[in-house]
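Reading the structure
In case you want the letters, here they are:
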Amino acid sequence: MCGINGFLQLKNSFSIEVFEEKIIQMNDAIHHRGPDSSGVYAKSPIAQGFKRLSIIDLSTSGNQPMQDLSQNISLIFNGEIYNYIELIKELKLKGHVFETKTDTEVIINAYKEWGTECVHKFNGMWAFALYDFEKEVFFASRDRMGVKPFYYHLNDNYLVFSSETKAIQKVENLRKLNKQRAYEYLAYGYNKTGDSQTFIEGINELLPGSNLIIDKTGFKSIKYWTLKKNQYKHKESVSHEDEFQSLFENSLKLRFRSDVQIGILLSGGLDSSAIVKTTCDLIDKGELSLDKINAYTAHFPGFENDEYQIAKEFSRTDKKINLKSVTPNIRDLLLELDQIIYGLDQPVHGFSTIIHYLILKEIRKDGIVVAINGQGADEAYYG
């Protein structure tokens, strides 16, 4: 999943070397997000840190922080830009040079071409922060739905940001509970006000679909995308059913762009079953170069609502489905509860996240680095 950390000087109250040391501490705090490599870059007024989980371009050329050829831009990025191949072609036609095959370099060149409007070109999930030394602009962004996290603390002297609140707390004395946010969680299970506050006073999150820009004119948080009713322009030449099928297939093909093994979580519900079935169809049509599908399901023997048998019966519909069951052990849960809570960073609503942790831990033992999951989409199919 990767992790990003950073400091931006707003006043020359501290040397960049001080921030560089703090970045190392922050990287250590989120080592679990990226065990493959660690990087630090410091050049006034920015200090950046990165923990990498390699998914696209596994070579060292994909390590971060990453700078452009002129060294005018430095970027740290967590996520995936699924349409990076198409964007590389488009940007090359516009004269941009690529040294890697990474979606990270796509963000750099897209920013150079389109500025902060580049986010409208991206199909993916992301949290990134770049600094433009020539224009003296700090530019951070979070994907439309907020899949990737971005937290920050701002004071008069500097901005500090990270993928997790614990990394910020590692270098800042921020321990006071935000009682309003805690109340909303206990009463409603979610952030009722929809503002940027977290459970910790002084730490905010960059809201989904938002950019954060700091330049000579000051601090700006800009909403670049909002889900609107009937925003999508349907094709009149095809039925809605065929159009949806095409979009669904395309979304899967994009997510299978990876240089590591991919697994699918199969609960037996409509959403995950649709993902597996469509993947099988794409393989049959020669649009995915796979010979089997690694599917995983949770098994709770004796539990009334156990879905294992449903998933098992479904897996028999196609020989390409290699189904493996994982039986979460309550003893393992109790032994690792502290670690699970530490990893969650903030309270979540519902126990399914805990179960996911145990399942994904077993999947990782099989060498699976990326897992596709139909999370909460049953409702879209009237489930």
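In what follows, the structure referred to is the one given above.
As a starting point, this report considers the structure included with it. Residue numbering note: each chain is counted from 1, following its sequence as written. Residues qualify for local features only when their pLDDT is at least 70, as the model is predicted, and side-chain atom pairs are given and counted only at 80 or more; totals for whole chains, interfaces and linings, by contrast, use all residues. Based on all heavy atoms of the structure, the side-chain values leave hydrogens and waters out of the count.

1. Observations regarding the packing of aromatic side chains
The cut-off we apply is this: Two rings belonging to Phe, Tyr or Trp (six-membered ring only in the last case) form a pair when the distance between their centres is within 6.5 Å. Interplanar angles under 30 degrees mark stacking, angles over 60 mark edge-to-face geometry, and anything in between is tilted. In this text, helices come from DSSP runs of H or I with a minimum length of four residues, and strands from runs of E with a minimum of two, each type numbered from the N-terminal end. The cut-offs for exposure are 20% and 50% of the maximum accessible area for each residue type, with area from a 1.4 Å probe on protein chains only; residues under the lower value are buried, those over the upper are exposed, and the others partly exposed. The rule for a charge over a ring is simple: NZ of Lys or CZ of Arg within 6 Å of the ring centre, and within 35 degrees of the ring normal.
Under the criterion given, the structure shown has 14 aromatic pairs. Aromatic side chains Phe 150 and Phe 161 sit 5.3 Å apart centroid to centroid with 10° between the ring planes, which places their arrangement in the stacked category. On the criterion of sequence distance, the pair formed by Phe 150 in the loop between β7 (137-142) and β8 (151-154) and Phe 161 in strand β9 (residues 158-162) is long-range, its members being 11 residues apart. The residues Phe 150 and Phe 161 share a single accessibility class, namely buried. One aromatic cluster is present, formed by Phe 7, Phe 19 and Tyr 158 through successive ring pairs. Sitting over the ring of Phe 133, Lys 43 keeps its end group 4.5 Å from the ring centre. Lying over the aromatic face of Tyr 342, Lys 166 brings its terminal NZ or CZ to 4.6 Å of the ring centre.

2. Describing the pairing of strand β14 (residues 293-298)
Note the following rule: Only strands joined by at least two bridges in the DSSP assignment are considered to pair. If the strands point away from the viewer and the path from the first strand over the helix to the second runs clockwise, then the crossover is right-handed.
With 6 of its 6 residues buried, β14 lies for the most part within the structure. With burial as the criterion, each face of β14 is covered, one bearing Ile 293, Ala 295 and Thr 297 and the other bearing Asn 294, Tyr 296 and Ala 298. Relative to β14, strand β13 (residues 262-265) is paired through 3 bridges, and the arrangement is parallel. Bridge pairing in β14 places Gly 263 opposite Asn 294. As for the winding sense of the linkage, the β-α-β connection from β13 through helix α7 (residues 270-284) to β14 is right-handed. The pairing of β14 with strand β15 (residues 321-326) spans 6 bridges and is classified as parallel. Note on β15: the bridge partner recorded for Ile 293 is Ile 321. With respect to chirality, the unit in which β14 leads through helix α8 (residues 308-315) into the neighbouring parallel β15 is right-handed.

3. What about helix α11 (residues 352-365)?
Just so we agree on the cut-off: Given a helix with a known number of residues, its expected span is that number minus one, times 1.5 Å. Contacts are assigned to residue pairs with any non-hydrogen atoms lying within 4.5 Å of each other.
The end-to-end C-alpha separation of α11 is 20 Å, in line with the 20 Å expected for 14 residues at 1.5 Å each. Those residues of α11 not exposed but buried are Ile 354, Ile 355, Leu 358, Ile 359 and Ile 363. Against β13, β14, β15, α9 (330-335) and α10 (337-344) lie the buried residues of α11. A positive backbone phi angle near 85° is found at Gly 367, which sits one or two residues after α11.

4. A word on the environment of Asp 103
Mapped onto the secondary structure, Asp 103 falls in helix α3 (residues 103-114). Overall, the relative accessible area of 5% leaves Asp 103 in the buried class. Sequence-wise, Asp 103 and Ile 56 are 47 residues apart; in three dimensions their C-alpha atoms are separated by 7.5 Å. Filtering out sequence-adjacent residues up to four positions away, Asp 103 remains in contact with Ile 56, Phe 77, Gly 79, Glu 80, Ile 81 and Tyr 84.

5. Thoughts on the environment of Ile 107
With respect to the element layout, Ile 107 can be found in helix α3. Residue classification places Ile 107 among the buried positions, given a relative accessible area of 0%. Taking C-alpha positions, Ile 107 is 8.6 Å from Val 119, a pair spaced 12 residues apart along the chain. Apart from residues no more than four positions distant in its own chain, Ile 107 is found in contact with Leu 75, Phe 77, Ile 81, Phe 122 and Phe 128.

6. Observations regarding the nonpolar core
Convention followed: For our purposes a nonpolar core is just a set of buried Ala, Val, Leu, Ile, Met, Phe, Trp, Tyr and Cys residues, chained together by side-chain atoms within 4.5 Å.
Membership of the largest hydrophobic core comes to 48 residues, with the highest contact counts inside it found for Ile 81, Val 119, Phe 122, Trp 126, Phe 128, Phe 139 and Val 276. Here this core takes 6 residues from α7, the largest share from any one element. Setting aside anything within four residues of it in sequence, one finds Phe 128 in contact with Ile 4, Leu 75, Ile 76, Phe 77, Ile 107, Val 119, Phe 122, Phe 139, Ala 140, Ser 141 and Phe 150. Grouped together as the second largest cluster of nonpolar side chains are 21 residues, Phe 138, Ala 140, Phe 150 and Tyr 152 included.

7. A closer look at the packing of helix α2 (residues 84-93) against α3
Short version of the rule: Where helices are involved, their axes are fitted lines through C-alpha atoms of the stretch in contact, as for all axes, and angles between N-to-C directions lie from 0 to 180°. Any angle from 65 to 115 degrees is called roughly perpendicular, while one under 35 is roughly parallel, one over 145 is roughly antiparallel, and all others are oblique. Each crossing is labelled by how the near helix is turned from the far one, with a counterclockwise turn of less than a right angle marking it left-handed and a clockwise turn marking it right-handed.
Where α2 contacts α3, the two axes come as close as 10 Å, and the packing angle between them is 45°. As the angle between them shows, α2 and α3 are arranged oblique. With respect to the hand of their crossing, α2 and α3 are arranged in left-handed fashion. Residues Tyr 84, Leu 87, Ile 88, Glu 90 and Leu 91 of α2 form the contact with α3, whose participating residues are Asp 103, Val 106, Asn 109, Ala 110, Glu 113 and Trp 114.

8. Remarks on the sheet that holds β15
Hydrogen bonds along the backbone pair up the strands of a sheet, which may run parallel or antiparallel. With parallel pairing, the 4 strands of this open sheet are ordered in space as β15-β14-β13-β16. Whereas interior strands pair on both sides, the edge strands pair on one side only; in this sheet they are β15 and β16 (370-373). Ignoring strand direction, the axes of neighbouring strands in this sheet form an average angle of 30°. Across 4 bridges, the pairing between β13 and β16 is parallel. Counted as the bridge partner of Ile 264 is Ile 372 from β16. Packing against the sheet, α8 makes contact with β14 and β15, and its axis sits at approximately 165° to β15. Running at roughly 145° to β13, α11 makes contact with β13, β14, β15 and β16 of the sheet.

9. Some points on α7
Over its 15 residues, α7 runs 21 Å from end to end, which matches the ideal 21 Å to within 8%, given 1.5 Å per residue. Counting buried residues along α7, 11 of its 15 residues qualify, which places the element largely inside the surrounding structure. Against α6 (240-255), β13, β14, α8, β15 and β16 lie the buried residues of α7. Positioned one or two residues after α7, Gly 286 has a phi angle of 75°, which is positive.

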